[in-house]
4 protein chains.
Amino acid sequence: MSDAASDVVTEALEELRQRLQGLDEGAVADYIPQLAQADPDCFGLALVSMDGHRYRAGRCDTEFTLQSVTKPFVLALALAELGPEAVDRRVGTEPSGEAFNAISLDPATGRPANPMINAGAIAVTALVPAADPARRFARILECLGRFAGRPLAVDEAVYRSEAETGDRNRALAYLMRGTGALAGDPAEAVETYFRQCAVLATVDDLAVMAATLANGGVNPVTGAVVVPEPVAVRVLALMATCGMYDAAGDWMVRVGLPAKSGVSGGLVAAGPARFGIAVHSPPLDAVGNPVRGVAALRELSGRFGLHLMHNPAPAAATVVSLRRDEHGGEVAAQGALDFTAAERVVSALGECAPESPGTVLLDLDRVTAVDTTAEAMLRRALDLLTEQGHTVTVTGLPREG
Amino acid sequence: MSDAASDVVTEALEELRQRLQGLDEGAVADYIPQLAQADPDCFGLALVSMDGHRYRAGRCDTEFTLQSVTKPFVLALALAELGPEAVDRRVGTEPSGEAFNAISLDPATGRPANPMINAGAIAVTALVPAADPARRFARILECLGRFAGRPLAVDEAVYRSEAETGDRNRALAYLMRGTGALAGDPAEAVETYFRQCAVLATVDDLAVMAATLANGGVNPVTGAVVVPEPVAVRVLALMATCGMYDAAGDWMVRVGLPAKSGVSGGLVAAGPARFGIAVHSPPLDAVGNPVRGVAALRELSGRFGLHLMHNPAPAAATVVSLRRDEHGGEVAAQGALDFTAAERVVSALGECAPESPGTVLLDLDRVTAVDTTAEAMLRRALDLLTEQGHTVTVTGLPREG
Amino acid sequence: MSDAASDVVTEALEELRQRLQGLDEGAVADYIPQLAQADPDCFGLALVSMDGHRYRAGRCDTEFTLQSVTKPFVLALALAELGPEAVDRRVGTEPSGEAFNAISLDPATGRPANPMINAGAIAVTALVPAADPARRFARILECLGRFAGRPLAVDEAVYRSEAETGDRNRALAYLMRGTGALAGDPAEAVETYFRQCAVLATVDDLAVMAATLANGGVNPVTGAVVVPEPVAVRVLALMATCGMYDAAGDWMVRVGLPAKSGVSGGLVAAGPARFGIAVHSPPLDAVGNPVRGVAALRELSGRFGLHLMHNPAPAAATVVSLRRDEHGGEVAAQGALDFTAAERVVSALGECAPESPGTVLLDLDRVTAVDTTAEAMLRRALDLLTEQGHTVTVTGLPREG
Amino acid sequence: MSDAASDVVTEALEELRQRLQGLDEGAVADYIPQLAQADPDCFGLALVSMDGHRYRAGRCDTEFTLQSVTKPFVLALALAELGPEAVDRRVGTEPSGEAFNAISLDPATGRPANPMINAGAIAVTALVPAADPARRFARILECLGRFAGRPLAVDEAVYRSEAETGDRNRALAYLMRGTGALAGDPAEAVETYFRQCAVLATVDDLAVMAATLANGGVNPVTGAVVVPEPVAVRVLALMATCGMYDAAGDWMVRVGLPAKSGVSGGLVAAGPARFGIAVHSPPLDAVGNPVRGVAALRELSGRFGLHLMHNPAPAAATVVSLRRDEHGGEVAAQGALDFTAAERVVSALGECAPESPGTVLLDLDRVTAVDTTAEAMLRRALDLLTEQGHTVTVTGLPREG
């Protein structure tokens, strides 16, 4: 077997990496010594497909502390354990238009704006159910490991430094206990949050983590169901509006993918049902996003057509043939059927059915998957044709994967 | 031909309409008499597919003034005429977190937050190039008509009432000329904006308008290219973060579609490359969004799996067969090829290529479309296989539509 | 008669002027050409006492446009004509903590924060009752002239330039009509306000204007009652908290006098019942206050002990003698009697009254004035002594001035 | 001796108390049980003059915890110990326009807005120099006692309850250490602040405390110099703009006195060089000020003419006689001489001096005090007359008290 063909994606990543390596802007975070020592030239990027195919360029196996990049994954854990209502009671879902460490809570509800700013993330961390702080963190670490597909560890020196300089986060925690947004002891919540920020991973790990969210919560490399699909949808939605701090609108316009960045230079982005991407490069721009990471995502989105609002293909891909005469008709479909595709099939069935009762054939042999919406639509359409007196035959209706 | 099958979608819309008709909350806008007279029970919803198929329930042919629903479409006109840089110089791209008529401009740039709040929309309207105000409005009206697929008219009584009570919008216009966000005469800009708000259309029209944005700027009913695809992408991106006033995050979590509402009760939403939806029902909630429209979109998104972050189908739909022996291999693909699908095909080619030079067949007969990204990836992969000494044969590589 | 003695104050002003002439900071306002042409070295300061004595140093007879310095005086006119309730309905009384041209209105009431920021001043100007705009401005100009003690004129070139560049103020006016804070036509209100800002006066004029407010509304030079005393109190109170833009607290700490500055470099301050001060020097600091004017007031306040919170003198000045034996007692008082002084006199009466009925003498020959509070207190104390059986004699109880 | 006469002030206070007792609005603070148990009908008010005369009505010897009323007095201690620069580095001087427990710090400096909101008060408390927390609080308690003229104690139950519910204040403390506004340990600073809030005093005590500030830092009852005069001036200035939470402007307009309120219903106000007033009544209005206390101060200010901007007396009280002929002149003055009075005397001297050298007499026998400004002015005027050849004689120039 040859890797030559699959090098097509790698080549593109490598070309991008080389070009952006020269982008010499931004400054490494320096509020704790350990972050200040990061190599500003360290730069890696990786992409993982829904089939678990992995593509990489640059330094992808160097560990760094994930910092805020952990936020969406711990949110996913809390949502999976408690459901959206319990989390919503403590934390909002709106972009804050403010800095990542903003201290404003909603005046009416006392909740932080969203789970991607520090205040919201601390409240989410405190929600993870556990008998004591040590077990709470153990669950968080274990969950991050399932997202990555391997066990992860903590950088204890970074944790201790964060704890020493974390007065602002302590303030947020006390403030939130005062308003009811935080359950439990504020000092403990902040310590757990600092440990979470100090979890170590590589760009390779992060790309798998992002791909797991894109894949409806199923790790595409290990096959493990890490969180349920509705949880992954919700987390991606929050990343789309709140993940890139106070530049949500610009990010949606120029990149168009749910994403999350961290102060150590990590950045993840996800294309729902398509891919996970991770980048690491320590220098940050003025709002705290990694300079090379942002540039890389803008380029990738444009070159590969990854923008959520992009209209990638003509509309007629589902129905591959349609035949009709006075006695009956036949429709053949292909690919995966969701609402959009099922609408096309149903519409084609309507078109090919004869005016007087006749025969209708639906050939689904080349259909690879049918979601519950599509299945219900097909069944209803076939029922209606039967009620009209047609004789209906279906070949190859599969179960949903 | 029978409509029975296609009634499947209609049935679902009708069932939803009947249920939500009983949702008796919110209040009709009453700042001008003409809006106050709207029938609170008037309720219609429509969906248009990328093939131009139309589905509807309720009152879909009653005309009402579009109000703020015009904003994304006039933005599309300005972007198409002037390009994104010229528009960005005057108007930002960030959600404001404030009410639709907020008076805050960015302190550093003097620009309104985004083109979906009144200030931004007035600045955008003033940007539409024209020799004089009458011709500027004529272009706007003509463009809205192309989005709808039929000529539209203005409700002159509503226009006059808006003009009489529009002091806040006049204030915004003078403020923006002061900061440089508005070109030209403020009084004229506001008058043109008021006329634009008073344009009349039906739910049927609006659904086609939304579908045109979802379809990359091509009206799926008339086939007219109304705006270029990158303009449609940009407008949808701004609708996603700024379209639903100060509830952008909640909307993305619960509905997950770019959308725009108006004070007369109109609401449009778009699924990129999938559909356009329109709803009309006058009663508004506290933030100014139509109560039944919001409820309808939440239900439709959940029931039909329309959320942008939803992972609709298993991953293996593209490559339908893969054969390999010691002398060579063969890959057959189907459907529309974008980056994600092309990655699968290229990956499969790598898998089936023999270790020593041999033959590689790529069967694209069932492929319906290939976008530029996918085409480049395939060509590069085939080149690499050729360089490795393989004899490569392709059947059926189509041109991009 | 010799001026030698009275030169003591002049000497101090002149010494201060010479020293601060070298203070070479700040920048002349340049948003219209006429202001930009102001001589940055022009500098004059003047003080007028409650007796109408006038002291001056530097350029005190050069006319300049008063700009925002007109605000407290036009407010006084509106208050005198309409009373505080009518003005309060349109304009608040709180420091805004924002720039002079801030566009925020109170979200609950729609009113501008106070009459010293542009929005509030425009609303106040529009309140001045008149049959038409020309007569409204005529009344304003006439009133400013009575404050100054001579007729004033308008710099028409400055007025026209302001009108050309005044979009922000126009915005404020339309905004306020929208919220109900502004009565009448916004365009007209702004034109009248621009004319008011362009009224010409000298430092000498301004010092008399300030002294008139300090003197309870009576011009200490002409003797004219320009506004009632409660109006002057209210205007001074608003100058104390809102007069120096967004540095109200620092001004109260470091200067401790009600004051108002303007963009052309004028500055007025008032010591209630003590003096009016005016300074003119065009260069402004970052918040828009004149650099030399602020420095001059800080020095004058410190050197002359002018701070409102300063405790200028020991407590025992009122009662000059007190005599008591077993048959009776006698109290002699001096100076002007207000609540504080009357309390001392009444307290002394209590001390000197014999235990059994006797004679009580109150000698007010050296008392120069008695306000209504003090008079009532004295009368009540004498009644009580009479009720106790004492024979009470008073010499020299004057009428209030 | 008879108290009859001095009952004049008492009568007025008593009449006011009876009338306001019926003012049945507001709600007792209930965030801790001890405050919630306060008797809403408890109501007392007291006034202390600069001579130490004491007037009272209602419940004036019931102890209550002072809460925020301690803020200006502990600020005075910090200013006296460290000087204004050291305090300014940590805490600003501007009204916040926000609630007492607002969490916003200045974005540029990280400082709380002023020492009258909780954040600022905690920072001030932490500044009081001491070897350890116990000694820090001992100094604070001792200083409050010197203001009151008697030793004060702490309500330990209230302290413990405050400590249990004080998360918001803890948040503020951590936040301020993060920005550099707070020196030392946040947890300790907050504990000391809670103890300070729980100090017990009566209305009688509070009136003496306020009178001490009004009297330039000298306790008018005990004669003790508690803080230097410039410290008292600065504290009163800050009370004037920041003491009544977010209603500084309204308070200055309607009352016109520096003041400070507390959540337990205490309220102090001071007339510089005139009096101290205290009120206690637990029910609070919506912004957290005591309803009866605010009403009492409004009435007292109006009835007794206590407003700082009030012009209490005609201008001619200082110079009691002035004689002039061709050979010489004579001026007789009376009362306490400050800048304003000295200007009158100097002006009179200029008026009475003959044109050719002659004799000038200045009779200061009835002058009771001369401050340093006035003394320098008189000396300079007499020097100038001597230089002009006049023979100058002064009788009775006193030293400043």
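Please read all numbers here as calculations on a predicted model, not as lab measurements.

**Side note on the overall build of chain A**
Okay, so step 1: Looking only at helices and strands, chain A has 15 helices and 12 strands in total.
Okay, so step 2: When its C-alpha atoms are laid out on the principal axes, chain A stretches across 80 × 50 × 35 Å.
Okay, so step 3: Across the 401 residues in chain A, those meeting the buried criterion constitute 63%.

**Quick word on the relation of the copies chain B and chain C**
Okay, so step 1: When chain B is fitted onto chain C, the two copies agree to an RMSD of 0.0 Å after a turn of 180° and an axial shift of 0.0 Å. One copy is carried onto the other by what is essentially a two-fold rotation axis. Among all residues of chain B, the minimum C-alpha distance to the rotation axis is found for A171(B), at 1.8 Å.

**Details of the UniProt feature "binding site: substrate" (unreviewed entry) in chain A**
All names here are of chain A.
Okay, so step 1: Under the local residue numbering, the UniProt record ascribes the feature "binding site: substrate" (unreviewed entry) to S68, N118, E162, N169, Y193, Y245 and V263.
Okay, so step 2: For Y193, the location among the structural elements is in helix 9 (residues 186–197).
Okay, so step 3: A residue is classified by how many C-beta atoms lie within 10 Å of it, and Y193, with 28 of them, is buried.
Okay, so step 4: Looking at where Y245 falls in the secondary structure, it is placed in the loop between helix 11 (229–242) and helix 12 (248–254).

**Some details on the sheet that holds strand 5 (residues 199–201) of chain C**
Residue and element names in this part refer to chain C.
Okay, so step 1: Taken in spatial order, the three strands make up an open sheet running 3-5-4, and their pairing is antiparallel. Where the open sheet ends on each side, the last strands, each with one partner, are strand 3 (64–65) and strand 4 (153–154).
Okay, so step 2: Looking at chain direction, strand 3 and strand 5 are connected through two bridges and run antiparallel. Along strand 5, the bridge assignment pairs T65 with L200.

**Points about the relation of the copies chain A and chain B**
Okay, so step 1: Expressed as a screw operation, the relation of chain A to chain B combines 0.0 Å of axial shift with a rotation of 180°, fitting to an RMSD of 0.0 Å.
Okay, so step 2: Interface overlap between copies is the fraction of interface residues in one copy that are interface residues in the other; for chain A against chain B it reaches 100%, indicating a shared surface.

**Digging into the domain arrangement of chain A**
Buried accessible area, meaning the area lost when the parts come together, often serves as the stated size of an interface.
Okay, so step 1: Split by domain assignment, chain A resolves into domain 1 (7–304) and domain 2 (319–395).
Okay, so step 2: Here the C-alpha centre of domain 2 of chain A lies 44 Å away from the C-alpha centre of domain 1 of chain A.

**A few points about the interface of chain B and chain C**
Okay, so step 1: In this complex, chain B contributes 10 residues to the contact, which on the side of chain C involves 10 residues.
Okay, so step 2: Here the element with the most residues in the side of chain B that touches chain C is helix 7 (residues 167–179) of chain B; it accounts for eight residues.
Okay, so step 3: Considering only residue class, the side of chain B that touches chain C consists of five nonpolar, one polar and four charged.

**Some thoughts on the arrangement of the chains**
Okay, so step 1: At the C-alpha level, the nearest point of chain A lies 15 Å from chain C, with no contact between them.
Okay, so step 2: Regarding chain B and chain D, which are not in contact, the minimum distance between any of their C-alpha atoms is 15 Å.

**Description of unusual backbone geometry**
Negative phi values dominate among residues other than glycine, just as trans dominates among peptide bonds.
All names here are of chain A.
Okay, so step 1: Positive phi, close to 55°, is recorded for Q67, a residue that is not glycine.
Okay, so step 2: Mapping Q67 onto the fold places it in the loop between strand 3 (64–65) and helix 3 (71–82).
Okay, so step 3: Note on Q67: 21 C-beta atoms within 10 Å, which makes it buried.

**Observations concerning the nonpolar core**
Okay, so step 1: In terms of nonpolar packing, the biggest core is built from 572 residues, with A210(A), A210(B), A210(C) and A210(D) touching the most fellow members.
Okay, so step 2: When near neighbours in sequence (up to four residues on either side) are disregarded, A210(A) contacts V268(A), A269(A), A270(A), G276(A), I277(A) and A278(A).

**What to know about the interface of chain A and chain B**
Okay, so step 1: Facing 83 residues of chain A, the contacting portion of chain B comprises 83 residues.
Okay, so step 2: For the side of chain A that touches chain B, the elements supplying multiple residues, two or more each, are helix 1 (7–21), helix 11, helix 12, helix 13 (291–304), strand 10 (328–337), helix 14 (339–352), strand 11 (359–370) and helix 15 (372–387) of chain A.
Okay, so step 3: When the residues that make up the side of chain A that touches chain B are grouped by side-chain class, the tally is 41 nonpolar, 25 polar and 17 charged.

**Quick notes on the sheet that holds strand 3 (residues 64–65) of chain D**
Okay, so step 1: Strand order across the open sheet formed by three strands is 3-5-4 (chain D), with antiparallel pairing between neighbours. Strands with a single pairing partner mark the edges of an open sheet, and in this sheet they are strand 3 and strand 4 (153–154) of chain D.

**Some remarks on the environment of V199(A)**
Residue and element names in this part refer to chain A.
Okay, so step 1: Summarising the element assignment, V199 is placed in strand 5 (residues 199–201).
Okay, so step 2: The exposure class of V199 is buried, given the 27 C-beta atoms found within 10 Å.
Okay, so step 3: For the pair V199 and L79, spaced 120 residues apart in sequence, the C-alpha to C-alpha distance is 20 Å.
Okay, so step 4: Leaving out residues up to four positions away in the same chain, V199 has contacts with T65, L66, T70, L141, L144, L152 and V154.

**Remarks on the packing of helix 7 (residues 167–179) of chain D against helix 8 (residues 186–197) of chain D**
All names here are of chain D.
Okay, so step 1: For the pair helix 7 and helix 8, interaxial distance at closest approach is 9 Å and the crossing angle is 135°. Classified by the interaxial angle, the pair formed by helix 7 and helix 8 is oblique. When you trace helix 7 past helix 8, the crossing you get is right-handed. Between helix 7 and helix 8, the residues in contact are N169, R170, A173, Y174 and R177 and P186, A189, V190 and Y193, respectively.
Okay, so step 2: The class makeup of the residues in the contact of helix 7 with helix 8 is six nonpolar, one polar and two charged.

**Describing the environment of R111(A)**
All names here are of chain A.
Okay, so step 1: Residue placement: R111 occurs in the loop between helix 4 (84–88) and helix 5 (118–127).
Okay, so step 2: Along the sequence, R111 and G180 sit 69 residues apart, while their C-alpha atoms lie 7.8 Å from each other.
Okay, so step 3: In contact with R111, not counting residues within four places along its chain, are R90, V91, G92, L105, D106 and A181.

**Observations concerning the environment of T10(B)**
Residues and elements named next belong to chain B.
Okay, so step 1: On the secondary structure map, T10 appears in helix 1 (residues 7–21).
Okay, so step 2: On a C-alpha basis, the gap between T10 and R292 in space is 18 Å, while along the polypeptide they are 282 residues apart.
Okay, so step 3: Beyond its immediate sequence surroundings of up to four residues, T10 is in contact with Y55, R56 and A57.

**Focus on the packing of helix 14 of chain A against helix 15 of chain A**
Residue and element names in this part refer to chain A.
Okay, so step 1: Across the interface, helix 14 lies against helix 15 with an axial gap of 8 Å and an inter-helix angle of 15°. In terms of their interaxial angle, helix 14 and helix 15 are classed as roughly parallel. Considering the relative orientation of helix 14 and helix 15, their crossing is right-handed. Listed contacts from helix 15 to F339, A341, A342, V345, V346 and L349 of helix 14 are T373, A374, M377, L378, A381 and L385.

**Examining the pairing of strand 2 (residues 54–58) of chain C**
Residue and element names in this part refer to chain C.
Okay, so step 1: Within strand 2, five of the five residues are buried, leaving the element largely enclosed by the surrounding structure.
Okay, so step 2: Where strand 1 (residues 44–49) and strand 2 come together, five bridges link them in antiparallel fashion. Within the sheet, the bridge partner assigned to A46 lies in strand 2 and is R56.
Okay, so step 3: Linking strand 1 back to strand 2 in an antiparallel pair, the connection comprises four residues, with G52 at a positive phi of about 85°.

Procedures and definitions
Residues numbered from 1 in each chain as written. Chains lettered and ligands numbered in written order. Predicted model: local features only at pLDDT ≥ 70, side-chain atom pairs only at ≥ 80, totals over all residues. Helix = DSSP H or I, 4+ residues; strand = E, 2+ residues; numbered from the N terminus. Buried ≥ 20, exposed ≤ 12 C-beta atoms within 10 Å, placed from the backbone. Least-squares fit on C-alpha atoms with pLDDT ≥ 70 in both. UniProt positions renumbered as here; feature names shortened; annotations may be inferred. Pairing = 2+ DSSP bridges. Contact = placed C-beta atoms within 7 Å. Domains from an automatic or database assignment. Nonpolar A, V, L, I, M, F, W, Y, C, P; charged D, E, K, R; others polar. Core = buried A, V, L, I, M, F, W, Y, C linked by C-beta atoms within 7 Å. Axes fitted to C-alpha atoms, helices over the stretch in contact; angles between N-to-C directions. Parallel < 35°, antiparallel > 145°, perpendicular 65-115°, else oblique. Left-handed = near helix turned anticlockwise from the far one by under 90°.

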